[in-house]
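Here is how the chains run, residue by residue.
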Amino acid sequence: MTRFRTLLLTAGGLGHAPVASGTFGSLPPVVLALLMAFLGQPVWLITLVMLLVAVVFSVACIRFGDEAETRFGRKDPGQVVADEVAGQALALSFLPWADPSISGAAWQNLLLGVGAFLAFRFFDILKPPPASSLESLKGGLGILVDDLITGLMALVVVQVITRGLLGWQSIPMS
């Protein structure tokens, strides 16, 4: 496996964390989304970037998953966190990000990022159906699909809480 493939699948090496590699692997999309929100990037651009991150890391899992399982000697190796990056990026898509120049918007953005992170980690660890049964797929699909499902579950929960219960809407970025 080439160094580039290893860096991609381990999210720059975060998958080699001695504990909670999936948690560390979930952080890059959160940091990127929050940075974009705090810099006042439009909601559509944050969502587009998150979807592109999800696609790139999904393709990496599918394309190189078999090779990673051979290299690391087990199914869905903990070092491979590209699946967590993809799932977390989905959980951060379409959220009601707010213009940071408006009072209270920075807190809204921070709570969105933290909420999406916690919801994704909760579902990723719990693996409710159908995510749990999809882990049995072979190779890269088995590595990836359960995390995409848990990312979508997290997205739904965060949307229901923020838009439905709290009434948050996107505050347009300038």
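Look a little higher up for the structure.
Residues numbered from 1 in each chain as written. Predicted model: local features only at pLDDT ≥ 70, side-chain atom pairs only at ≥ 80, totals over all residues. Heavy atoms only, no water.

Colleague: Before we move on, can you summarise the packing of helix H2 (residues 21–38) against helix H3 (residues 43–72) with the specific residues and values?
Modeller: Contact geometry of H2 with H3 gives a least axis separation of 10 Å together with a crossing angle of 160°. With respect to H3, the element H2 is oriented roughly antiparallel. The element H2 and its partner H3 pack so that their crossing is right-handed. Within the contact between the two elements, H2 uses Pro-29, Leu-32, Ala-33, Met-36 and Ala-37 and H3 uses Leu-45, Ile-46, Val-49, Met-50 and Val-53. Its residues placed into classes, the contact of H2 with H3 shows ten nonpolar, no polar and no charged. (Axes fitted to C-alpha atoms, helices over the stretch in contact; angles between N-to-C directions. Helix = DSSP H or I, 4+ residues; strand = E, 2+ residues; numbered from the N terminus. Parallel < 35°, antiparallel > 145°, perpendicular 65-115°, else oblique. Left-handed = near helix turned anticlockwise from the far one by under 90°. Contact = heavy atoms within 4.5 Å. Nonpolar A, V, L, I, M, F, W, Y, C, P; charged D, E, K, R; others polar.)

Colleague: So, H3: which residues are in play, and what are the values?
Modeller: The terminal C-alpha atoms of H3 lie 38 Å apart, and with 30 residues this falls more than 12% below the ideal 44 Å at 1.5 Å per residue. Downstream of H3 by one or two residues, Gly-73 has phi in the positive range, about 75°. (Expected span 1.5 Å × (residues − 1).)

Colleague: If you had to explain the pattern of salt bridges to someone new, which residues and values would you point to?
Modeller: Taken as a whole and judged by the stated rule, the model has six salt bridges. For Asp-124, the salt bridge identified is with Arg-121, shortest N-O distance 2.6 Å. One end of the pair is Asp-124 and the other is Arg-121, both in helix H5 (residues 105–126) and three residues apart, which spans about a single turn. With respect to burial, Asp-124 and Arg-121 carry one shared label: buried. The partner of Asp-146 in a salt bridge is Lys-127, with the nearest N and O atoms 2.8 Å apart. One end of the pair, Asp-146, is in helix H7 (residues 139–165); the other, Lys-127, is in the loop between H5 and helix H6 (131–134), with 19 residues separating them in the sequence. Each member of the pair Asp-146 and Lys-127 is classed as buried. (Salt bridge = Lys/Arg side-chain N within 4 Å of Asp/Glu carboxyl O. Buried < 20%, exposed > 50% of the residue type's maximum accessible area, 1.4 Å probe, protein only.)

Colleague: If you had to explain the packing of aromatic side chains to someone new, which residues and values would you point to?
Modeller: Summed over all chains, the structure comprises one aromatic pair. Arranged with centres 5.2 Å apart and planes meeting at 70°, the rings of Phe-122 and Phe-123 form a pair that is edge-to-face. By relative accessible area, Phe-122 is classed as partly exposed at 48%. (Phe/Tyr/Trp six-rings, centres within 6.5 Å; stacked < 30°, edge-to-face > 60°.)

Colleague: Talk me through the side chain of Ser-26; I want residue IDs and the actual numbers.
Modeller: Among the secondary structure elements, Ser-26 is positioned in helix H2. A polar contact of 2.8 Å, which involves the side chain of Ser-26, links it to the backbone oxygen of Gly-22. Here Ser-26 is in contact with Glu-84, Gln-88, Phe-117, Phe-120 and Arg-121, once residues within four sequence places are set aside. (Polar contact = N/O pair within 3.5 Å; in protein donor to acceptor, adjacent residues only side chain to side chain.)

Colleague: Tell me about the nonpolar core, and name the residues and values.
Modeller: Formed by 44 residues in total, the largest nonpolar core has its most connected members in Leu-9, Ile-46, Met-50, Phe-57, Leu-92, Leu-95 and Trp-97. Those elements that provide at least two residues to this core are helix H1 (3–9), H2, H3, helix H4 (82–91), H5 and H7. In terms of residues, this core owes the most to one element, H3, which gives twelve residues. (Core = buried A, V, L, I, M, F, W, Y, C linked by side-chain atoms within 4.5 Å.)

Colleague: Explain the environment of Thr-47 to me, using residue names and the numbers behind them.
Modeller: Residue placement: Thr-47 occurs in helix H3. Residue classification places Thr-47 among the buried residues on the basis of a relative accessible area of 6%. Expressed as a C-alpha distance, the spacing of Thr-47 and Leu-92, which sit 45 residues apart in the sequence, is 7.4 Å. Setting aside chain neighbours within four positions, we find Thr-47 in contact with Ser-93 and Phe-94. There is a polar contact of 3.0 Å between the side chain of Thr-47 and the backbone nitrogen of Phe-94.

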